[in-house]
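# Report on the structure
So you can see what is in the structure, the chains are spelled out below.
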Amino acid sequence: MMLYFAWVREAIGADQETLTPPPTVETVADLLDWLAARSPNHAAALADRTAIRVALDQDFAQADTPIGTAQEVAIFPPITGG
Amino acid sequence: MMLYFAWVREAIGADQETLTPPPTVETVADLLDWLAARSPNHAAALADRTAIRVALDQDFAQADTPIGTAQEVAIFPPITGG
Amino acid sequence: MQVRVQPEPFDTAAELAALSANRSDVGAIASFTGLVRADDGLTALTLEHYPGMTERQLAAIAAKAEARWPVLAGTVIHRHGRLVPGDAIVLVAIASPHRAAAFEACSFLMDWLKTKAPFWKAEEGPWGTRWVRAKATDDQAAQRW
Amino acid sequence: MQVRVQPEPFDTAAELAALSANRSDVGAIASFTGLVRADDGLTALTLEHYPGMTERQLAAIAAKAEARWPVLAGTVIHRHGRLVPGDAIVLVAIASPHRAAAFEACSFLMDWLKTKAPFWKAEEGPWGTRWVRAKATDDQAAQRW
């Protein structure tokens, strides 16, 4: 399950998608590359990777973090709460 | 006018005294020496000068601050408010 | 420590009073309230969050603070949804025996919350609606702990 | 900034609410409340102060904070007289556009108040009545500003 928040959600045009990446997608960076190729909206949303943050099963992940068995992958902009 | 607070007040046994030091009393240190000689209570109250603080006309003063024309001299322990 | 994420307003007075009610070991309560400012004609702020992860991150940050400082009681409340200028967004309040611990734990929680709690702000105003960009100073503030 | 020295209790909730009432430029309110702890069986605390000098020193400290940080509104209240465990002794609350300024001004005021406002505490308990000794850590805390 992919979850999108804030302007990532708006740019992709969905708040969630159920997707199964191929086995070649091993890390967070791989996943973002694979997602960006899905549609022009995905490509636009993920164009600036410095503005993208990812959480795997609700824990922050880095570009080189393996996706592993994560069930919930969330993609969102840097946090602006508080 | 001399004002005393907290345990300095209790040790001296007065919350204020109207005193006129001689012209040889120029600094705060001189004043404390002169006061300590007034009675055993004064001497006891002022025995440990590291535990004594002085204000001249409501501003903190140091041992070498000249008394000058100060009208109100307050003697008290280190502050413990807040 | 109590952690809440809610759309409803909160009662700062009641939250602070609860921290020291019926106990006599609290020497210090430090609190922080964040409010919506009407900067540049802002008319509303909408806070989106990531339900589940928010609570999880706030609980983790609270546990960190409790491990590091002598926290006797504490409350963290973060609102989501649409708020207008003057509305309170967030409350962090910490009761401790001593003042330095209360201040530090409170400040630590706010700094971490700014960089680890998944909230995003969208501002409404003369410009329409826009997403707030993260500040590098928030990351720096969190790094100092 | 408002500075008060009084024997009466104060209403923290009302004081905090007043700082942001009817305005929309306050983004942050940091507050500190100091309370009487029942350490080692303490039953009461009596605060003596130096009327005149206290107000003068608090006003000077408040002016320093205002010169150094963007303070939109602030309240400093220090009680004197006899207090019992759980009673609030002191309140410092600062409203600012931004969180770092609110925290720092509030912390600064507390540190300075601890070393510059002429108050003395006498503790009642199983030991009878004794004067509290000043802590070197308070001087150190004030020095860091």
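One can find the structure itself at the top, above this paragraph.
This is a predicted model, so every value here is computed, not measured. (Residues numbered from 1 in each chain as written. Chains lettered and ligands numbered in written order. Predicted model: local features only at pLDDT ≥ 70, side-chain atom pairs only at ≥ 80, totals over all residues. Heavy atoms only, no water.)

### Remarks on the overall build of chain A
Here is the rule we go by: In DSSP terms, a helix is any run of H or I states spanning at least four residues, a strand is any run of E spanning at least two, and both are numbered starting from the N terminus. For the radius of gyration, the atom set is restricted to C-alpha positions; the globular benchmark scales as 2.2 Å times the number of residues to the power 0.38. Only protein chains enter the accessibility calculation, which uses a 1.4 Å probe; a residue whose area is less than 20% of its type maximum is buried, one above 50% is exposed, and one in between is partly exposed. Any two residues whose heavy atoms approach within 4.5 Å are treated as being in contact. Charged residues are defined narrowly, with Lys and Arg counted positive, Asp and Glu counted negative, and His plus the chain ends left uncounted. To locate a charge, the coordinates of NZ of Lys, CZ of Arg, CG of Asp or CD of Glu are taken.
A count of helices and strands for chain A gives three helices and five strands. Going from the N terminus to the C terminus, chain A shows its helices and strands as β-α-β-α-α-β-β-β. Taking 12 Å as the expected radius of gyration for a compact globule of 82 residues, we find that chain A reaches 12 Å, a close match to that expectation. By principal-axis analysis of the C-alpha atoms, chain A measures approximately 35 × 30 × 20 Å. Looking at chain A as a whole, 46% of its 82 residues are labelled buried. Long-range contacts, defined here as pairs at least 24 residues apart, represent 47% of the contacts in chain A between residues at least 6 apart. Of the charged side chains in chain A, 4 are positive and 11 negative, and the gap between their average positions amounts to 7 Å.

### Overview of the packing of aromatic side chains
Test applied: For Phe, Tyr and Trp, rings pair up if their centres lie within 6.5 Å, where Trp contributes its six-membered ring, and each pair is then called stacked (planes under 30 degrees apart), edge-to-face (over 60) or tilted (otherwise).
What the rule picks out here adds up to 22 aromatic pairs over all chains. Consider the rings of Phe32(C) and Phe103(D), whose centres lie 5.2 Å apart with planes at 15 degrees: the pair is stacked. Of this pair, Phe32(C) sits in strand E2 (residues 28–35) while Phe103(D) sits in helix H3 (residues 99–116), on two different chains. The buried category is assigned to Phe32(C), whose relative accessible area is 1%.

### A look at the relation of the copies chain C and chain D
So the rule is basically this: Here the copies are matched by least squares. The fit uses the C-alpha atoms of residues with pLDDT of at least 70 in both.
Mapping chain C onto chain D calls for a rotation angle of 180 degrees and an axial translation of 0.0 Å; the resulting RMSD is 0.0 Å. The operation mapping one copy onto its partner corresponds to a two-fold rotation axis. Counting the interface residues of chain C, we find that 100% of their copies in chain D are interface residues as well, pointing to one common contact surface.

### Looking at the interface of chain C and chain D
Convention followed: Reported buried area values correspond to the accessible surface (1.4 Å probe) lost by two parts on association, with both partners' losses combined. We count a salt bridge whenever a side-chain nitrogen from Lys or Arg sits within 4 Å of a carboxyl oxygen from Asp or Glu. When residues are grouped by polarity, Ala, Val, Leu, Ile, Met, Phe, Trp, Tyr, Cys and Pro land in nonpolar, Asp, Glu, Lys and Arg in charged, and all others, Gly among them, in polar.
Each side of the interface is counted separately: chain C has 33 residues, and chain D has 33 residues. Of the roughly 2400 Å² buried between chain C and chain D, counting both surfaces, carbon and sulfur atoms make up 58%. The largest contributions to the chain C side of the interface with chain D come from Arg37(C), Arg99(C) and Phe103(C), which together make up 30% of the buried area. Counting across the interface, chain C meets chain D through four salt bridges. Mapped onto the side of chain C that touches chain D, the elements with two or more residues apiece are helix H1 (12–20), E2, helix H3 (99–116) and helix H4 (136–143) of chain C. Sort the elements by how many residues they give to the side of chain C that touches chain D and E2(C) lands first, with eight residues. Class assignment for the residues of the side of chain C that touches chain D results in 16 nonpolar, ten polar and seven charged.

### Regarding helix H2 (residues 28–36) of chain B
Residues and elements named next belong to chain B. Selection rule: As used here, the arc is the angular range of directions from the helix axis to the C-beta atoms.
All of the buried residues in H2 are Val-28, Leu-31, Leu-32, Leu-35 and Ala-36. Within H2, the buried residues cover an arc of 130 degrees as seen down the axis, which keeps them to one side. Next to the buried residues of H2 lie strand E1 (2–4), helix H3 (40–45), strand E3 (53–56), strand E4 (59–61) and strand E5 (73–76).

### Concerning the interface of chain D and chain B
Selection rule: By the criterion applied in these results, polar contacts are pairs of N or O atoms within 3.5 Å in which, for protein atoms, one can donate a hydrogen and the other can accept it, and in which residues neighboring in sequence qualify only through two side-chain atoms.
Taken residue by residue, the interface counts 26 residues in chain D and 20 residues in chain B. Around 1900 Å² of area is buried between chain D and chain B when both sides are counted, 58% of it from carbon and sulfur atoms. Interface area lost by chain D to chain B is led by Tyr50(D), Trp120(D) and Trp131(D), which between them contribute 36%. Where chain D meets chain B, there are two salt bridges. Across the contact surface, chain D and chain B share 15 residue pairs in polar contact (both at pLDDT 80 or more). Among the elements of the structure, strand E3 (44–49), helix H2 (53–68), strand E6 (88–96), H3 and strand E7 (119–125) of chain D are those that each provide at least two residues to the side of chain D that touches chain B. By residue number, the principal contributor to the side of chain D that touches chain B is H3(D), which donates five residues. Class assignment of the residues belonging to the side of chain D that touches chain B gives a composition of 15 nonpolar, five polar and six charged.

### Some thoughts on the state of the cysteines
Basically, it comes down to this: Cysteine sulfur atoms that come within 2.5 Å of each other are treated as a disulfide pair.
Scanning the entire structure with this criterion turns up zero disulfides over all chains. There is no disulfide at Cys106(C), and the cysteine sulfur nearest it, in Cys106(D), is 9.0 Å away. Under the relative-accessibility criterion, Cys106(C) is labelled buried at 0%.

### Overview of the arrangement of the chains
In this assembly, three pairs of chains are in contact, and the pair contributing the most contacts is chains C and D. Contact between chain A and chain B is absent, and the least distance between their C-alpha atoms amounts to 29 Å. Separated without contact, chain A and chain D have their nearest C-alpha atoms at a distance of 10 Å.

### Let's talk about the pattern of salt bridges
Tallying each qualifying case throughout the model produces 24 salt bridges over all chains. Here Arg99(C) makes a salt bridge to Asp111(D), at a shortest N to O gap of 2.8 Å. Of the two residues, Arg99(C) is situated in helix H3 and Asp111(D) in helix H3; the pairing between them involves two chains. Using a relative accessible area of 4% as the deciding quantity, one classes Asp111(D) as buried. A single network of salt bridges, built from pairs that share partners, joins Arg99(C), Asp111(D), Asp138(D) and Arg144(D).

Remember that the coordinates give geometry; whether it matters functionally is a separate question.
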